Structure formats: C-alpha cells, structure tokens
Amino acid sequence: MKTVLDLMLLRFGLIAAGAVVLALLAFAVALHLKRRGRIDEVRRYADPVIKAGVRAAARRLDARRPGGRR
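Residues numbered from 1 in each chain as written. Predicted model: local features only at pLDDT ≥ 70, side-chain atom pairs only at ≥ 80, totals over all residues. Heavy atoms only, no water.

Enquirer: Any chance you could explain the overall build of the protein chain here in plain terms?
Expert: Each helix and strand in the protein chain was counted, giving two helices and zero strands. Here the protein chain has a C-alpha radius of gyration of 19 Å; the compact-globule value for 70 residues is 11 Å, and the former is much larger. Across its three principal axes, the protein chain shows a C-alpha extent of roughly 55 × 40 × 10 Å. By residue count, 3% of the 70 residues in the protein chain fall in the buried class. Here the protein chain has roughly 6,800 Å² of accessible surface; of this, 67% comes from carbon and sulfur atoms. (Helix = DSSP H or I, 4+ residues; strand = E, 2+ residues; numbered from the N terminus. Rg over C-alpha atoms; globule rule 2.2 N^0.38 Å. Buried < 20%, exposed > 50% of the residue type's maximum accessible area, 1.4 Å probe, protein only. Areas by Shrake-Rupley, 256 points an atom, 1.4 Å probe, with all protein chains shown as cover.)

The structure is reproduced here in structure tokens:
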C-alpha cells in the first residue's frame, strides 16, 4: 500500500511541476511579446480562438448535464 501511495504522490508532484513550468513559460512568452510591442497583435489573433474554445467547453459541459441545453 505504501508503494501505491508513493507512486501517486510522485505522479502528483510531476503533474504539479509540469503545470508550474508551463505557467512560467506562458508568462515569459507574454512578457517577451509585451516588451517587443506585439502583445496587441497576438491578442487580436488569439481572442477568437479562446472564445471558440470557451464556447466548445460550455457545450460539452451542457451535454454532460442531465436536462442540459441542446
């Protein structure tokens, strides 16, 4: 049982470390773009993509809910 818990803790640690690395990488990219003055251009292109992703996620959540909108 201890081995299973150790493996689960190790897996959680790796996932948490990966999330932190991705967040730091995203922050570094955003900071670089802001310093170069290209953040507005990127924001203009990314906005429709993010909105479509949020709409798709909302549709998936509504479809999973019993009696959800269709």
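Enquirer: Where do I start with the pattern of salt bridges in this structure?
Expert: Under the criterion given, the structure shown has four salt bridges. Asp47 is the partner of Lys51 in a salt bridge, and the nearest nitrogen-oxygen pair spans 3.5 Å. Here Lys51 pairs with Asp47, and both are found in helix α2 (residues 39–64), just four residues apart, close to one helical turn. Classification of Lys51 by relative accessible area gives partly exposed; the value is 46%. For Asp47, a relative accessible area of 36% puts it in the partly exposed group. (Salt bridge = Lys/Arg side-chain N within 4 Å of Asp/Glu carboxyl O.)

Enquirer: Help me understand α2, please; the structure alone is not making it clear to me.
Expert: An α-helical turn contains 3.6 residues, so a residue and the one three or four places further along point in the same direction. Its 26 residues place the ends of α2 36 Å apart at the C-alpha level, agreeing with the 38 Å of an ideal helix rising 1.5 Å per residue. Of all the bends in α2, the largest measures some 35° and sits at Ala46, one to four residues before the proline Pro48. (Expected span 1.5 Å × (residues − 1). Bend = angle between axes of the 7 residues up to and from the residue.)

Enquirer: What's the story with a nonpolar patch on the surface in this structure? I'm lost.
Expert: A surface patch of nonpolar side chains, about 450 Å² in accessible area, is lined by Met1, Val4, Leu5 and Met8. One can find Met8 in helix α1 (residues 2–36). Overall, the relative accessible area of 44% leaves Met8 in the partly exposed class. (Patch = residues over 30% accessible without salt bridge, like charges linked within 9 Å, V, L, I, M, F, W, Y side chains within 5 Å.)

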